[in-house]
Amino acid sequence: MSAPTLLEAFRKHTSLDLDAIDEVVAVQHRPFTDMTCNQAIVLIELSKPKHAGVMREAAREAKAFAHEMDVGEDGLEQLVVDWASVKVAVRVWPHLSPQGYVLLQTAPSLAGDTARTVAHALQQVALFGRAGVPKHRVCIKVPSTLEGLRACRELESTHDVRTLGTTLFSLGQALGAAEAGCTAVSPYLNPLYVHFEASRHVVYDNPVKEQCGVRLTAEIQREYRRRGISTKVKAASFITVEEVVAVTGVDQATIGPGILAQLAATTLTPKLAALQADALTALSARADTLNADKRFSLDEPATELKAALEDPEVKALQEDALERFGRAERELLRMGRESLSAL
């Protein structure tokens, strides 16, 4: 019997999500549970020649139904961008698990504003409904700032909207997301900047034992299981197949087309099997009970959560991620504005 591919070996322990808006990849490497994306992924997709007319079409249609959605001139560009995002995302939806979610991310520029983040999320959900995707199959990614997590709490508890806490770089944020009732969280294995500056990526001989993001992901998974928290851990931000193997056993992992192709083309060697065993051992290790009863409340004074967010490394990583997503957001809005001007 031949050795399994890394994709096959990984799927035995972890549910796989597609981190792309690409129906071809969704079919090629299925099954996938969810489909995730963000402003950078949407920008890449809408910039492809095959989608050349999507933004113009979205502008024409969104302008026609803006009044129906109570969107004025000041919100029209964002409506166009959201509608264009939904129009490409729904092409992947039929290829997901029958219970799987399609995910969009709220505007990073709103990460410090709870009310506006909630309003943006509700607009995205409404647009998915307009495209035929029911509310229970939509999950909205929200940056894990204090205001963002408060928005998640309101969306989950008041509006019955599923949420995922993203740009997450600490256990404190993850426990804050659990307090918010988030459906899932996405701890980043790598800082977002390595996807734009490859020379800054560090390769570790054993990511399970040496890579901070991998260790954090395992710590969050252990702590959620120890506390009986239902929020799912959806690992994100992969650069190498070894990093994927290093989170074997977490609830879910969202992976892009390039890494998926490598996983499908690589067999499980003895060295990689040993790394996978280390990953599973790390998840079964005893959780650190030093702060077993510590809560990361979202309500003022929110001392513990604010301290976690103000940690210099966490703060720098989150600010960098929001700025990079923000650049994509601004470019998408420019595209939306140009499309409206061309009508």
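Just above sits the structure.
All of the points below concern the structure found in this document. Keep in mind that this is a model prediction, so the values were computed, not measured. (Residues numbered from 1 in each chain as written. Predicted model: local features only at pLDDT ≥ 70, side-chain atom pairs only at ≥ 80, totals over all residues. Heavy atoms only, no water.)

1. A look at the nonpolar core
Here is the rule: Throughout this description, the term nonpolar core refers to a set of buried Ala, Val, Leu, Ile, Met, Phe, Trp, Tyr and Cys residues connected via side-chain atoms within 4.5 Å. The cut-offs for exposure are 20% and 50% of the maximum accessible area for each residue type, with area from a 1.4 Å probe on protein chains only; residues under the lower value are buried, those over the upper are exposed, and the others partly exposed. Whether two residues are in contact is decided by their heavy atoms: any pair within 4.5 Å suffices.
In this structure, Leu-46, Phe-128, Tyr-224 and Ile-255 are the most contacted members of the largest nonpolar core, which totals 111 residues. Excluding anything up to four places from it in sequence, Phe-128 contacts Val-86, Ala-89, Val-90, Val-102, Leu-104, Val-133 and Val-138. Among the nonpolar cores identified, the runner-up in size contains five residues, and Tyr-101, Leu-103, Leu-164 and Ala-184 belong to it.

2. Notes on the state of the cysteines
The following threshold applies: Disulfides are defined as cysteine sulfur pairs within 2.5 Å.
In total, this model carries zero disulfides according to the counting rule given. Summary of cysteine pairing: Cys-139 is not part of a disulfide, and the nearest cysteine sulfur, belonging to Cys-182, is at 8.3 Å.

3. With respect to the packing of helix 7 (residues 146-158) against helix 8 (residues 171-180)
Here is the rule: Lines are fitted to the C-alpha atoms to define the axes, a helix being fitted only along its stretch in contact, and any angle between axes, read from their N-to-C directions, falls within 0 to 180 degrees. Helix and strand assignments follow DSSP, with helices taken as H or I runs no shorter than four residues and strands as E runs no shorter than two, numbered in order from the N terminus. Angles below 35 degrees are treated as roughly parallel, those above 145 as roughly antiparallel, those between 65 and 115 as roughly perpendicular, and all remaining angles as oblique. The sense of a crossing depends on the near helix, which, turned anticlockwise from the far helix by less than a right angle, makes the crossing left-handed and, turned clockwise, makes it right-handed.
At a minimum axis separation of 8 Å, helix 7 and helix 8 run at an interaxial angle of 25°. Taken together, the axes of helix 7 and helix 8 lie roughly parallel to each other. Handedness of the helix 7/helix 8 crossing: right-handed. Residues Leu-149, Cys-152, Arg-153 and Glu-156 of helix 7 form the contact with helix 8, whose participating residues are Gln-173, Gly-176, Ala-177 and Ala-180.

4. Overview of the pattern of salt bridges
Any two side chains of opposite charge can pair, so long as their charged atoms come close to each other. The line we're drawing: When a carboxyl oxygen of Asp or Glu is within 4 Å of a side-chain nitrogen of Lys or Arg, the pair counts as a salt bridge.
Scanning the entire structure with this criterion turns up 27 salt bridges. The residue Lys-50 makes a salt bridge to Glu-45 at a minimum N-O spacing of 3.9 Å. Residue Lys-50 is classed as partly exposed on the basis of its relative accessible area, which comes to 48%. Salt bridges sharing partners connect three or more residues here, namely Glu-197, Arg-200, Asp-320 and Arg-324.

5. What to know about unusual backbone geometry
Geometrically, the link from Arg-30 to Pro-31 is a cis peptide bond, its omega value of 10° lying close to zero. Looking at the secondary structure, you find Pro-31 in the loop between helix 2 (23-28) and helix 3 (39-46). Between Glu-300 and Pro-301 the backbone carries a cis peptide bond, its omega angle lying at 10°. Non-glycine residue Asp-160 carries a positive phi angle of around 55°. Inspection of the secondary structure assignment puts Asp-160 in the loop between helix 7 and strand 4 (162-168). You can call Asp-160 partly exposed: its relative accessible area is 46%. A positive phi angle, near 70°, is found at Ser-237, a position not held by glycine. In this fold, Ser-237 is placed in the loop between strand 6 (232-235) and helix 11 (241-245). For Ser-237, a relative accessible area of 8% translates into the label buried.

Shape is all these values report; function is a separate question.
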